[in-house]
Structures are given as C-alpha cells and as structure tokens.
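Notes for the structure review
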Amino acid sequence: MTTKTKPEAARLPLNTILNGDCIELMRSLPEASVDLIFADPPYNLQLRGDLHRPDNSKVDAVDDAWDQFGSFAAYDRFTRDWLAAARRILKPDGAIWVIGSYHNVFRLGAELQNQGFWILNDVVWRKSNPMPNFRGKRLTNAHETLIWASKGEGAKYTFNYEALKALNEGVQMRSDWVLPICTGHERLKNKDGDKAHPTQKPEALLHRVLVATTKPGDVVLDPFFGTGTTGAVAKMLGRDFIGIEREAAYREVAEARLAKVRKFDKSALEVTQSKRAEPRVPFGQLVERGMLRPGEMLVGPGGKAAKVRADGTLIADDIKGSIHQVGAALEGAPSCNGWTYWHYRRDGKNVPIDVLRQQIRAEMS
C-alpha cells in the first residue's frame, strides 16, 4: 500500500541527528511541522566543588560545560529562546514535554506559561532507585518533574487514555510514575568504559510519554538529544524523530545506538483506543447491509423484545425510536446503550448487536 507523505514531513530531516545549536536549527525547520517535542534541557545545577561518597570516592556528577550558566538571568534567556523556537515548529494540535529537577523546572514552567503554552499535567517521576544524598544535609532527591503542555488553552492534542490505562493494569494512570533510573545494561558507556552521558533517561520513561501522547507516524523532536533515548524509543514505536545535539561524543554514541534499534511490527504498534475514537457506525447500516432484516426481533434483558424496522429504528408495542431510545423507554431509564442492550438470535443463541458493529469497523480500518 502506498502512503502519501505530508508536505511538511517531506521537508523535515526525519530520523537524523542534527549537529549544532538547537535554537538556530529549530529556527531553520518548517513552521508547524512537528507533532511532539520532548525536551531534557540543561538543569543548571549550580554545583560548587566536587561531591564525594563516604569512602571519599568522587561522585560522577553533572559538571559539563553545557550545564553551566553565568547567572539565572542567562539561563532564563536561554530558556525563553529555545522554547520560542520550539513553539514555532509545533503543530497547532501538537504538545511539548519538558523534564527538570528542582534547580530549573519552576523556571521552565513559568516560561512555558509566559509563551502561551497550556499546562495539562505535571508528572512526578519518582525514582525507585535514586542516588543517595552523600552529604546528609538535605533530603534524598528521589524525583524529577515533567511538564506536559499543549500549544494553547483549548488546543487539541493527542492523549491515548485507554492505552495508558491498559499499561496500568486497567486502572487510570496517575501523575506520579515510579520508574528506575538508567542503570545496568541500559546505561550506555563510552569507549573508555565511563558513563556516556551523566543524565541518560530510561527508555521506560520515554515509552510511557510516547505511547500516551503520540500516534504511529508522528514526528517527535528532541532538541537536547544526548545519547538518543527519545530517538531509540520513537524508532521502536514507529514514530519519526529529529534529534539535535551539539556534542560530538554524544552524537557518536547515539548514532551507534540507533543503528541497533529495530521498529516493532505494525500489529505491535497498535494501542487500545477510546470507544469515542472508533468510527461511528449507524444501526441503520446493519439493516441496509442485510446483517439484520426488517421484521427481525431483537431481545433485551428479561425477555423484552423489539422489532427492527426498514429505516433502522425499532418498535416495541407503541414505543418507536432508535435502539437507544427504545431500550431506555423499556427500562424506564434516562438513557441506554442500545449496542450492548439488544441481542439478535443466531443458531439458538443470543448475540449482542455490537458484534455486527465491530465487523463493520474492522472493514473500515
């Protein structure tokens, strides 16, 4: 089957890592061309001196040049500029996720609101295996905060509610996520055997974000690509990605990582959809197609019955109307889901009419 490429997608450097400054590169991309942005910007940790464990060994903390800013004002200017560039390339129904620690997330949230983004949720990523507080002068820092925002108040956005509920064993997903930090086999190493990146995010975190707020074929941009967790998960889940990373060492590790990633097959990429997202099938279509015949009797709970009419309505005694209206009237209820209420007889068994609707939906998809 041939698929048409969207005009803006044809002009995008899909599934590549761009080398350079994220602000300049985002400004060079087509306006309103990206479905989702996941951003893990510098935290501006304001570290003062080395950090040591009780055995006097040095902690491999974030002390790289890319995380250092001369002042809060300088950091705020940087935040304002990259968020403005990100907002320009985001589609009207797109969304953005930013992640940060207590050092920077409040400044990120304020600037998101300053620029007109509409905050949908803040999510607490509670780390099941956080790094201890070695100095013993503060609480153990056991979480980071993600902010999920649409482009503006009232803007449409993707949210796969039922898919997240399925991920959570049928229970509504909460805004506190307990996931481990990146360790063991997932932690990438450089050629010297050291951590390839000090703040590598776990794939589980990006899996949840992308399953929740994107669809297969969407374009996901990460302006602080690092070692490519966003790209790796996007590729596995059948999304296109664009990475921006100015550090050559990180790009090298990310490219090697992405080369090993394989996309899941099409059936594995499908997620549970809300009933409201499924194609609408009028009951009359079942009659038109001969799946149910005019004059055929439908039965409801307790032996209540109604006759199918040629125009897709039902009649029961002197009650006439849709499958929902007649069911509600027979039950003396304000409303009724006729698709689950009514059954037809086949081979001596009562079969829900919803089975016929699902057959038509399967054909439509």
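Because the structure is predicted, anything quoted here is derived from the model rather than measured.

The helix and strand tally for the chain stands at 13 helices and 14 strands. Counting across all 365 residues of the chain, residues that qualify as buried make up 45%. For the chain, the proportion of contacts with a sequence separation of at least 24, taken over those separated by at least 6, is 68%. Carbon together with sulfur atoms contributes 49% to the accessible area of the chain, which is approximately 19800 Å² in total.

What follows is about helix 8 (residues 248–259). An ideal rise of 1.5 Å per residue puts 16 Å on twelve residues; helix 8 measures up with 17 Å between its terminal C-alpha atoms. Considered for burial, the residues of helix 8 that qualify are Tyr 250, Arg 251, Val 253, Ala 254, Arg 257 and Leu 258. Projected onto a plane normal to the axis of helix 8, the buried residues spread over an arc of 165° and lie on a single side. In helix 8, the exposed residues that point more than 90 degrees away from the buried face are Glu 252 and Ala 259. Those residues of helix 8 hidden inside the fold are in contact with strand 1 (16–18), helix 6 (203–213), helix 7 (229–236) and strand 8 (240–244).

Given two aromatic rings, their pairing is described by the distance between the two centres and the angle made by the two planes. What the rule picks out here adds up to eleven aromatic pairs. Residues Trp 97 and Trp 177 carry aromatic rings whose centres are separated by 6.0 Å and whose planes lie at 40° to one another, so their mutual orientation is tilted. Of this pair, Trp 97 sits in strand 3 (residues 90–100) while Trp 177 sits in strand 6 (residues 176–179), and the two are 80 residues apart along the sequence. The buried category is assigned to Trp 97, whose relative accessible area is 2%. Residue classification places Trp 177 among the buried residues on the basis of a relative accessible area of 3%. Between the aromatic rings of Phe 159 and Tyr 161, the centroid separation amounts to 6.2 Å while the plane-to-plane angle is 65°, which identifies the pairing as edge-to-face. Assessed through its relative accessible area of 29%, Tyr 161 is described here as partly exposed. Aromatic ring contacts, followed pair by pair, group Trp 97, Trp 148, Tyr 157, Phe 159, Tyr 161 and Trp 177 into a single cluster.

A full pass over the atoms with the stated rule returns 13 salt bridges. Between Arg 80 and Asp 81 there is a salt bridge, with the nearest N and O atoms lying 3.3 Å from each other. Judged by its relative accessible area of 39%, Arg 80 falls in the partly exposed class. Two residues, Lys 304 and Glu 331, come together in a salt bridge whose shortest N-O distance is 3.5 Å. One end of the pair, Lys 304, is in the loop between strand 9 (297–299) and strand 10 (305–308); the other, Glu 331, is in helix 11 (residues 323–331), with 27 residues separating them in the sequence.

In this section: the nonpolar core. In terms of nonpolar packing, the biggest core is built from 34 residues, with Trp 97, Leu 146, Trp 177, Leu 205, Val 209 and Leu 210 touching the most fellow members. The element contributing the most residues to this core is helix 6, with six residues. Beyond its immediate chain neighbours, meaning those up to four positions away, Val 209 contacts Leu 36, Phe 38, Trp 97, Leu 146 and Trp 177. Among the nonpolar cores identified, the runner-up in size contains 31 residues, and Leu 25, Leu 90, Val 219 and Phe 224 belong to it.

Take the confidence of the model for the chain next. When the pLDDT values of the chain are averaged, the result is 88; 89% of them are 70 or greater. Taken together, the stretch residues 1–5 has pLDDT below 50 and engages in one contact with residues farther than four places along the chain or on a different chain. A low-confidence stretch, residues 47–59 stays under pLDDT 50, and its non-local contacts, those more than four residues away or across chains, total 20 contacts.

So, how was this worked out
- Residues numbered from 1 in each chain as written.
- Predicted model: local features only at pLDDT ≥ 70, side-chain atom pairs only at ≥ 80, totals over all residues.
- Heavy atoms only, no water.
- Helix = DSSP H or I, 4+ residues; strand = E, 2+ residues; numbered from the N terminus.
- Buried < 20%, exposed > 50% of the residue type's maximum accessible area, 1.4 Å probe, protein only.
- Contact = heavy atoms within 4.5 Å.
- Areas by Shrake-Rupley, 256 points an atom, 1.4 Å probe, with all protein chains shown as cover.
- Expected span 1.5 Å × (residues − 1).
- Arc of directions from axis to C-beta.
- Phe/Tyr/Trp six-rings, centres within 6.5 Å; stacked < 30°, edge-to-face > 60°.
- Salt bridge = Lys/Arg side-chain N within 4 Å of Asp/Glu carboxyl O.
- Core = buried A, V, L, I, M, F, W, Y, C linked by side-chain atoms within 4.5 Å.
- pLDDT = per-residue confidence, 0-100.

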